[in-house]
Amino acid sequence: FFFLMIRRPPRSTQSRSSAASDVYKRQVQDQDHKFDLAVHLGKVDEAFKIAKQEDSANKWKQLGDLALIQGKVKVAIQALEASEDLSGLLLIYSSLGMKDGLRKLAEKAQATTKTNVAFTCYFLLNDIDKCLEILIESKRLPEAALFAKTYCPSKISSVVDLWKQDIQKEHPITAQKIADPLDYPDEFSDLVMAAKVEQFIRGQRNSVDVPAHQYVEYNELLTQDFFKVLQEDPDQDLSQYSVIPEIKKQNPIFDLLKQHEQQGNEEEHFQDVDEPI
């Protein structure tokens with residue numbers, strides 16, 4: 001009996017130990033607290049496990065932001081997809097030039113009526129027809145008409161007709177005042193040339209993807225003034241020109257970085273050899 005009394009801790013100590021144990025168990029079982037702590041400490045892997053278990057849009061969003069800050073793009077994409085953060089995905093896909101990702105994002109955004117995201121994606125993909133389609137579907141017909149005049153003048157007549165039909169019932173007088181520019185070639189002579197340039201550029205741009213490291217060459221070719229060419233000779237055949245540079249499969253910048261990395265590895269090897277044993 002005396003031995004047992006010595007081994008048994010005081011009741012106050014037992015109470016404090018039990019309380020600490022209960023607090024610890026609550027903290028371990030409280031996934032929200034664990035997730036917040038993992039995010040605060042920058043532990044992406046731990047936060048990912050909890051987010052996957054809880055499958056909460058808010059947790060996925062926080063994880064996506066944390067992963068993006070740490071440069072863990074794959075985790076960020078997975079988290080933002082799970083949270084359906086279309087704006088965040090647009091930021092990643094457009095920054096990294098992920099064409100397939102932009103295409104899928106555009107389709108999803110259009111299906112969920114996120115028209116601004118969908119329009120931006122298609123515009124970055126140079127899909128002018130889809131951009132015009134989104135503006136028409138969202139009943140932004142005045143903007144669609146101006147967009148068509150700027151980027152696809154060959155479609156301006158059909159858009160103007162839709163615009164006039166849309167406002168005919170409520171504003172018939174205004175509808176009569178809206179004119180199709182192509183019906184007045186003398187006053188809008190530039191649109192005729194613009195349609196020719198559009199047809200030429202459309203065929204050129206959709207033929208091949210230009211790598212990012214050839215942007216400077218591509219930009220120089222795009223600055224060619226085809227309006228001036230047609231003004232000087234309206235019958236000029238634009239097919240003899242090109243806005244696509246000769247595609248170089250190898251990235252010279254990547255080759256320089258790789259060469260620099262190899263030189264650094266060789267220097268480290270030589271330093272290791274020279275070190276005394």
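The shown structure was predicted, so the numbers you read here are calculated from the model rather than taken from an experiment. (Residues numbered from 1 in each chain as written. Predicted model: local features only at pLDDT ≥ 70, side-chain atom pairs only at ≥ 80, totals over all residues. Heavy atoms only, no water.)

### Focus on the packing of aromatic side chains
Then comes step 1: Within the structure shown, the criterion is met by seven aromatic pairs.
Then comes step 2: Centroid distance Phe-119 to Phe-123: 6.1 Å. Interplanar angle 15°. Geometry classified as stacked. Remark: Phe-123 and Phe-119 occur in helix H9 (residues 115-124); sequence separation between them is four residues, near one turn of the helix.
Then comes step 3: On the accessibility criterion, Phe-123 (34% relative accessible area) is partly exposed.
Then comes step 4: Aromatic pair Phe-147 and Tyr-151: ring centres 4.8 Å apart, planes at 35°, arrangement tilted. A residue pair is termed a helical-turn pair when its members lie 3 or 4 positions apart in one helix, as Phe-147 and Tyr-151 do in helix H11 (residues 141-151) at four residues. (Phe/Tyr/Trp six-rings, centres within 6.5 Å; stacked < 30°, edge-to-face > 60°. Helix = DSSP H or I, 4+ residues; strand = E, 2+ residues; numbered from the N terminus. Buried < 20%, exposed > 50% of the residue type's maximum accessible area, 1.4 Å probe, protein only.)

### Digging into the environment of Phe-147
Then comes step 1: Under the relative-accessibility criterion, Phe-147 is labelled buried at 7%.
Then comes step 2: With 19 residues separating them along the chain, Phe-147 and Ile-128 place their C-alpha atoms 9.2 Å apart.
Then comes step 3: Excluding residues that lie within four positions of it along the chain, Phe-147 makes contacts with Phe-119, Phe-123, Ile-128, Cys-131, Leu-132, Leu-135 and Cys-152. (Contact = heavy atoms within 4.5 Å.)

### Considering the state of the cysteines
Then comes step 1: Scanning the model with the defined rule gives zero disulfides in all.
Then comes step 2: The structure places no disulfide on Cys-121, whose sulfur is separated from the nearest cysteine sulfur, that of Cys-131, by 9.6 Å.
Then comes step 3: On the accessibility criterion, Cys-121 (0% relative accessible area) is buried.
Then comes step 4: The structure places no disulfide on Cys-152, whose sulfur is separated from the nearest cysteine sulfur, that of Cys-131, by 8.9 Å. (Disulfide = S-S within 2.5 Å.)

### With respect to the environment of Asp-45
Then comes step 1: For Asp-45, the location among the structural elements is in helix H4 (residues 44-54).
Then comes step 2: Among the residues examined, Asp-45 registers a relative accessible area of 52% and is labelled exposed.
Then comes step 3: Remark: the alpha-carbon pair of Asp-45 and Val-75, spanning 30 residues in sequence, is separated by 9.2 Å.

### Overview of the packing of helix H8 (residues 99-111) against H9
Then comes step 1: For the pair H8 and H9, the least separation of the axes is 8 Å and the interaxial angle reads 150°. In terms of axis orientation, H8 runs roughly antiparallel to H9. Read as a crossing pair, H8 and H9 show a hand that is left-handed. Only Val-117, Ala-118, Cys-121, Tyr-122 and Leu-124 of H9 make contact with H8, whose side of the interface consists of Leu-102, Arg-103, Leu-105, Ala-106, Glu-107, Ala-109 and Gln-110.
Then comes step 2: Its residues placed into classes, the contact of H8 with H9 shows nine nonpolar, one polar and two charged. (Axes fitted to C-alpha atoms, helices over the stretch in contact; angles between N-to-C directions. Parallel < 35°, antiparallel > 145°, perpendicular 65-115°, else oblique. Left-handed = near helix turned anticlockwise from the far one by under 90°. Nonpolar A, V, L, I, M, F, W, Y, C, P; charged D, E, K, R; others polar.)

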